[in-house]
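Next come the chains, spelled out residue by residue.
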There are 2 protein chains.
Amino acid sequence: MVIDINLSTLQRLKRPEAPSIPQPSLARLPQYHHYLVDLADKGISRISCSVIGAYLGLIPVQVRKDLQYTGIIGKPKTGYSVAELIQAIETFLGWNNINEAFLVGVGNLGTALLGHERFSKFGLRIVAAFDTDSTKIGQWIHEKAVLPLEQLADLAQRMSIHLGIITCPAEAAQAVADEMVKGGIQAIWNFAPVKLRVPDHIIVHNEDLYSTLASLSWKLARRFRVPVQEKEAV
Amino acid sequence: MVIDINLSTLQRLKRPEAPSIPQPSLARLPQYHHYLVDLADKGISRISCSVIGAYLGLIPVQVRKDLQYTGIIGKPKTGYSVAELIQAIETFLGWNNINEAFLVGVGNLGTALLGHERFSKFGLRIVAAFDTDSTKIGQWIHEKAVLPLEQLADLAQRMSIHLGIITCPAEAAQAVADEMVKGGIQAIWNFAPVKLRVPDHIIVHNEDLYSTLASLSWKLARRFRVPVQEKEAV
DNA sequence: GTAGACTCGGTATATGGTTATCGATATAAA
DNA sequence: TTTATATCGATAACCATATACCGAGTCTAC
């Protein structure tokens, strides 16, 4: 059986033009951004890594390294310009160019995302929603039309939509992903707890609530359980 | 200014009894679990790391290492017992003992979580919801009562609730967290895009949509931008 | 104007997680 | 019964990320 070998090999081969920024740093940038916007609102114009780090519980060096990826240049003693920093992060993350997205699955979660106006500040605009439930189709939710899933592929192609958001039940997720791929969608933000099978060039990010839940319950169990050894000897 | 030094030092001091399992492994366990339950439903009773890995896009060694943390023991050639493996993961993650939780913020997202029946399979039961909006208080959403936030601390204490879920707007999140701490809650699952300030012994997990969004938009921007160098020389 | 303190940027080291390798063992086929 | 093969468990090498260190620059206070 060589399937596994092929798979892992593929994964590695896919990465030559791999991220020039570590994934964890990428994930921290929005946090810096959020804090910086707050500062800007307060009229503060310069900031140092130490202060940012103190606020977020990170050491100054790490903050500095993360920020360096955005290409920003600071000045000794004074630190960075807040405005420049915000700009640098937004540019780096591509938040200046809006990504238009389709969302599939207008349940509670889907509705929540559709109504999240703040996304537009972070380069995301959900332009339409899709569902298979005929009672939902035709409705308008948060000013977005709910269309039948069958139209997704065609519309995505014609409107050059690059991003798809999956908030449908797990059972339907793979079929939805297939439709998205057919419509030329490049990246999928997947909220369904399923491993999607898509071509290699498609970017998939899973928002896996169960992972978080696992961490939490493990830590809680650990805290309230009498401290026993985790592994039994054979 | 020594705040930062103290902070980072604290973080390290907090960790002596740190996770005996890497965070990424912990996050993968639910995925294995999900797949295994599917297998069990199909009547398959034994499984090898290679097959699990092939399904999830991981190499067999990694799967094996992850599973070892749960204390499971496999047999050469045959692999693991599916049933034992499921049991081992559930026990390890503490999914057998139900965690009762309070949820604060009955917006779309909060409602979505309240309605998510599957959580109960993963050791989570949301027993009540809270809000400050008087039009929501008194309602029942998915068979859970919506109570005024003021009652949270008292009820949490009397019912020995250990877990709090924050799905309210960012502005209110810190105040809610404070209430939770006052009520003796040990762990917080935070969906608000805010860095919460809580005592050291409180476990906080942020479900940060913006981090994911940042990754996605960076990768999309990178794909569609002409490949230029990321950093300008000084 | 000078001394001192703070902060940046670059390089080096340490840590933690992932991947590779090897020997042992159980099953299945000859 | 013997041989071949798939798989596990353990140890070791490797890689990515996080942390520490050091020199250089600039602002503040005296």
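Presented here is an overview of the structure given in this document. Source: prediction; values computed, not measured. (Residues numbered from 1 in each chain as written. Chains lettered and ligands numbered in written order. Predicted model: local features only at pLDDT ≥ 70, side-chain atom pairs only at ≥ 80, totals over all residues. Heavy atoms only, no water.)

**Considerations on the sheet that holds strand E5 (residues 140-141) of chain A**
Each strand in a sheet pairs with another by means of backbone hydrogen bonds, the pair being arranged parallel or else antiparallel. Within the open sheet, the seven strands sit side by side as E5-E6-E4-E3-E7-E8-E9 (chain A). Their pairing is mixed. This sheet does not close on itself; its edge strands, each paired only once, are E5 and strand E9 (203-206) of chain A. Looking at chain direction, E5 of chain A and strand E6 (residues 144-148) of chain A are connected through two bridges and run antiparallel. Counted as the bridge partner of Trp 140 of chain A is Ala 145 of chain A from E6 of chain A. Here helix H9 (residues 209-224) of chain B sits on the sheet in contact with strand E3 (99-104), strand E4 (124-131), strand E7 (163-166), strand E8 (187-190) and E9 of chain A, set at roughly 175 degrees to E9 of chain A. (Pairing = 2+ DSSP bridges. Helix = DSSP H or I, 4+ residues; strand = E, 2+ residues; numbered from the N terminus. Contact = heavy atoms within 4.5 Å. Axes fitted to C-alpha atoms, helices over the stretch in contact; angles between N-to-C directions.)

**Brief notes about the protein's contact with DNA strand C**
Close to DNA strand C lie 24 residues; Cys 49, Gly 74, Lys 77 and Tyr 80 of chain A together with Pro 76 of chain B are nearest. By atom count, sugar and phosphate contribute 76% of the portion of DNA strand C lying within 4 Å of the protein. Within the side chain of Tyr 80 of chain A, an N or O atom sits 2.8 Å from a phosphate oxygen of DNA strand C. Those elements that place two or more of their residues in the surface near DNA strand C are helix H3 (49-56) and helix H4 (60-68) of chain A together with helix H2 (23-41) and helix H4 (60-68) of chain B. It is H4 of chain B that contributes the most residues to the surface near DNA strand C, three residues altogether. Each residue belonging to the surface near DNA strand C can be placed in one class, and the counts come to nine nonpolar, seven polar and eight charged. (Near = heavy atom within 4 Å. Polar contact = N/O pair within 3.5 Å; in protein donor to acceptor, adjacent residues only side chain to side chain. Nonpolar A, V, L, I, M, F, W, Y, C, P; charged D, E, K, R; others polar.)

**Brief notes about the interface of chain B and chain A**
On the side of chain A, 81 residues touch chain B, which itself brings 81 residues to the contact. Here chain B meets chain A over a buried area of about 7200 Å², counting both sides, of which 64% is carbon and sulfur. By the criterion of area lost to chain A, the three top residues of chain B are Tyr 210, Leu 216 and Trp 218 of chain B, representing 10% of everything that side buries. At the boundary of chain B with chain A, the tally comes to zero salt bridges. Taken together, the links from chain B to chain A amount to 24 residue pairs in polar contact (both at pLDDT 80 or more). In terms of residue count, H9 of chain B provides more of the side of chain B that touches chain A than any other element does, 16 residues in total. Here the side of chain B that touches chain A is composed, by residue class, of 43 nonpolar, 25 polar and 13 charged. (Buried area = accessible area lost by both parts, 1.4 Å probe. Salt bridge = Lys/Arg side-chain N within 4 Å of Asp/Glu carboxyl O.)

**Some remarks on the side chain of Asn 99 of chain A**
One can find Asn 99 of chain A in strand E3. Ignoring any residue separated from it by four or fewer positions in sequence, one finds Asn 99 of chain A in contact with Gly 123, Leu 124, Arg 125 and Leu 163 of chain A together with Ser 217 and Leu 220 of chain B.

**Comments concerning the protein's contact with DNA strand D**
Taken together, the neighbourhood of DNA strand D is formed by 25 residues, with Arg 28 of chain A together with Cys 49, Arg 64, Gly 74 and Tyr 80 of chain B sitting nearest. What you see for DNA strand D is that sugar and phosphate hold 75% of its atoms within 4 Å of the protein. One of the side-chain nitrogen or oxygen atoms of Arg 64 of chain B is found 3.2 Å away from a phosphate oxygen of DNA strand D. Side-chain polar atom of Lys 77 of chain B to a sugar or linking oxygen of DNA strand D: 3.3 Å apart, as the coordinates give it. Tallied by class, the residues present in the surface near DNA strand D amount to nine nonpolar, eight polar and eight charged.

**Focus: the packing of aromatic side chains**
Residue and element names in this part refer to chain A. Under the definition given, this model contains 16 aromatic pairs over all chains. Arranged with centres 4.2 Å apart and planes meeting at 15 degrees, the rings of Tyr 35 and Tyr 55 form a pair that is stacked. With Tyr 35 in helix H2 (residues 23-41) and Tyr 55 in helix H3, the pair connects residues that are 20 residues apart, well separated along the chain. Looking at Tyr 55, the relative accessible area reads 24%, which means it is partly exposed. (Phe/Tyr/Trp six-rings, centres within 6.5 Å; stacked < 30°, edge-to-face > 60°. Buried < 20%, exposed > 50% of the residue type's maximum accessible area, 1.4 Å probe, protein only.)

That's the geometry; what it means functionally is another story.
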